[in-house]
Amino acid sequence: MLKIGHRGACGYEPENTLKSFQKALSLGVDMIEFDVHKIKSGELVIIHDDYVDRTTNGRGLVADYDLESLRKLDAGRGEKIPTLDEALDLIIGKGRVNTEIKGVDVAEDLIKIIKQRNIFDQLIVSSFNYGQLLIIKNLEPRIPLAILSEEFRLAPCLELCQQLGAKDLNVNLAYVDKEYVDTIHRAGLRINVYTVNDPVDILRMKEYGVDGIFSNYPDRL
Ligand code: G3P
Ligand code: MG
C-alpha cells in the first residue's frame, strides 16, 4: 500500500511547501501529493486554493500573480510558494509524485515538463477537472492519470476512468467501504483514499485493501 503525503506532510509543516515535502520524505513516504496552478507570468506553482489568502500573507487570485510578486509572499514559517520545477527537483529520485491539477490551463505546460524530465514512471497526474485530464490523454497518453472523485455512485467514475485510460481512482474517505473497494478492484483499477488522518480510519482502509492512502500525517500510515 502506497503511503502518500498529502500536500507534503501538512499536519507538520505549511502545506504545499518545500519544507512540507522534505518532512514527508523524512517520514518515509512512497509518494507526495501537491496541487498545481498556473500564474500570469506562465510558471506552474504549488498551491491549493484559487486565492493566496488562506495559506499566505497575500491577497488575491493565484492566476493574477507574476512569479516575482508571488515569491514575496510568506506561505508559512518563512516558506515561499514553490514552483513545480523546484518541487520536482526536491522529490524526484527520493519519492514519486501525485500532481493534482487545480487550475484550468495547466495540462499543456505540465506535459512539457514531464517530457523534458522523462519522469513518466515517477508520477501520476490527477484532477477533478476531467477536461484537463482529457487534454493529457490526447496529447501524451504515456502519462499515468488518476480520476479524483467526490461522487458516491461508482458507475460514472468507472466509466470515466475507462474513457480517460486512468488506472487509479482517488476517492474521498467518506464514501469508502469494503464493497466500494472491491468494485473498483474488480474493474481492474487501483483505489487511493484521501484524506485519512485518524488511526482508526487508517486501519479500516488497510483492512479493506486500498492501494494507497493520502494523509497529512504520513508517519501514521
Ligand atoms: O489529491 C487528493 C486530495 O488532495 C484532493 O482534494 O482538495 O485536498 O486537493 P484536495
Ligand atoms: Mg490535492
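Here, the structure is the one placed above.
The shown structure was predicted, so the numbers you read here are calculated from the model rather than taken from an experiment.

Novice: Could you give an account of the packing of aromatic side chains, with specific residues and numbers?
Specialist: Tallied over the full model, the rule gives three aromatic pairs. Ring geometry for Phe21 against Phe34: centres 5.4 Å apart, planes inclined by 45 degrees, an arrangement best described as tilted. Taken together, the positions of Phe21 in helix α1 (residues 18-26) and Phe34 in strand β2 (residues 31-38) put the pair 13 residues apart, joining distant regions of the chain. Judged by relative accessible area, which is 0%, Phe21 ranks as buried. Accessibility expressed as a relative area gives 0% for Phe34, which makes it buried. Ring geometry for Tyr194 and Phe214: centres 6.3 Å apart, planes at 80 degrees, overall edge-to-face. Taken together, the residues Tyr194 in strand β8 (residues 190-194) and Phe214 in strand β9 (residues 212-215) connect sequence positions 20 residues apart. Comparing Tyr194 with Phe214, the two get one shared label, buried. In this structure, Arg220 packs its charged tip against the face of Tyr217, placed 3.8 Å from the ring centre.

Novice: I'd like a description of the side chain of Thr99, backed by residues and values.
Specialist: Residue position: Thr99 is located in strand β4 (residues 96-101). Each residue touching Thr99, except ones within four places of it in the same chain, is listed here: Phe34, Val36, Leu110, Leu123, Ile124, Val125 and Ser126.

Novice: Report on the packing of helix α5 (residues 130-139) against helix α6 (residues 154-164), specifying residues and quantitative values.
Specialist: Their axes nearest at 10 Å, the elements α5 and α6 cross at an angle of 30 degrees. Viewed along their axes, α5 and α6 adopt a mutual orientation that is roughly parallel. Of the residues in α6, those in contact with Tyr130, Leu133, Leu134 and Lys137 of α5 are Leu160, Gln163 and Leu164. Taken together, the residues of the contact of α5 with α6 break down into five nonpolar, one polar and one charged.

The rules behind these values
- Residues numbered from 1 in each chain as written.
- Chains lettered and ligands numbered in written order.
- Predicted model: local features only at pLDDT ≥ 70, side-chain atom pairs only at ≥ 80, totals over all residues.
- Heavy atoms only, no water.
- Phe/Tyr/Trp six-rings, centres within 6.5 Å; stacked < 30°, edge-to-face > 60°.
- Helix = DSSP H or I, 4+ residues; strand = E, 2+ residues; numbered from the N terminus.
- Buried < 20%, exposed > 50% of the residue type's maximum accessible area, 1.4 Å probe, protein only.
- Lys NZ or Arg CZ within 6 Å of the ring centre and 35° of its normal.
- Contact = heavy atoms within 4.5 Å.
- Axes fitted to C-alpha atoms, helices over the stretch in contact; angles between N-to-C directions.
- Parallel < 35°, antiparallel > 145°, perpendicular 65-115°, else oblique.
- Nonpolar A, V, L, I, M, F, W, Y, C, P; charged D, E, K, R; others polar.

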